[in-house]
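These are the residues of each chain, in order.
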Amino acid sequence: QVQLVESGGGLVQAGGSLRLSCAASGRTFSNYAMGWFRQAPGKEREFVAGISWSGGATYYGDSAKGRFTISRDNAKNTVYLQMNSLKPEDTAVYYCARSRGIIGTMTNDDYDYWGQGTQVTVSS
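Predicted, not measured: the structure shown is a model, and the values here were computed from it.

### So, the overall build of the chain
Okay, so step 1: Check the secondary structure of the chain and you find zero helices and eleven strands.
Okay, so step 2: Scaling as 2.2 N^0.38, a compact globule of 124 residues should have a C-alpha radius of gyration of about 14 Å, and the chain matches this with 13 Å.
Okay, so step 3: Viewed in the frame of its principal axes, the chain has a C-alpha envelope of about 40 × 25 × 25 Å.
Okay, so step 4: Here the chain, with 124 residues, has 44% of them falling under the buried criterion.
Okay, so step 5: Within the chain, counting contacts between residues at least 6 apart in sequence, those at least 24 apart form 58% of the total.

### Some remarks on the nonpolar core
Okay, so step 1: Ranked by size, the top nonpolar core spans 27 residues in total, and within it W36, L81, M83 and Y94 carry the most contacts.
Okay, so step 2: If you list the elements that add at least two residues to this core, you get strand 3 (18–24), strand 4 (34–39), strand 5 (46–51), strand 7 (68–73), strand 8 (78–83), strand 9 (92–99) and strand 11 (118–123).
Okay, so step 3: No other element matches the four residues that strand 3 contributes to this core.
Okay, so step 4: Ignoring any residue separated from it by four or fewer positions in sequence, one finds L81 in contact with L18, R19, L20, W36, V48, A49, F68, T69, I70 and Y94.
Okay, so step 5: Membership of the second largest hydrophobic core comes to six residues, among which are A33, F37, F47 and Y59.

Cut-offs applied
Residues numbered from 1 in each chain as written. Predicted model: local features only at pLDDT ≥ 70, side-chain atom pairs only at ≥ 80, totals over all residues. Heavy atoms only, no water. Helix = DSSP H or I, 4+ residues; strand = E, 2+ residues; numbered from the N terminus. Rg over C-alpha atoms; globule rule 2.2 N^0.38 Å. Buried < 20%, exposed > 50% of the residue type's maximum accessible area, 1.4 Å probe, protein only. Contact = heavy atoms within 4.5 Å. Core = buried A, V, L, I, M, F, W, Y, C linked by side-chain atoms within 4.5 Å.

Okay, here's the thing in structure tokens:
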């Protein structure tokens, strides 16, 4: 069983930064792509960023391009999301997820394990 535990969320002022972490259990972490999603109240879950199994390929949703950076450390079984220039509309619960494959996609259904989420609140 794979467990994903997010951390690093919190309250930050607009223009500030946060770094989210997602620690994964299990010995096969490096075999899979990983992704970050977010869900704001009353809205559907939205793809934020993804990273391939090796970290060689990264991809972003439109809301994250130019401001967020996804990375991973396979030796530590951890994936990160560096968020800069935060805006109030970035307020949401952020989830990390494990892809079913090595590349990953932007589609929720292509991810089979999810963390419990971490709250990010950006004040104006």
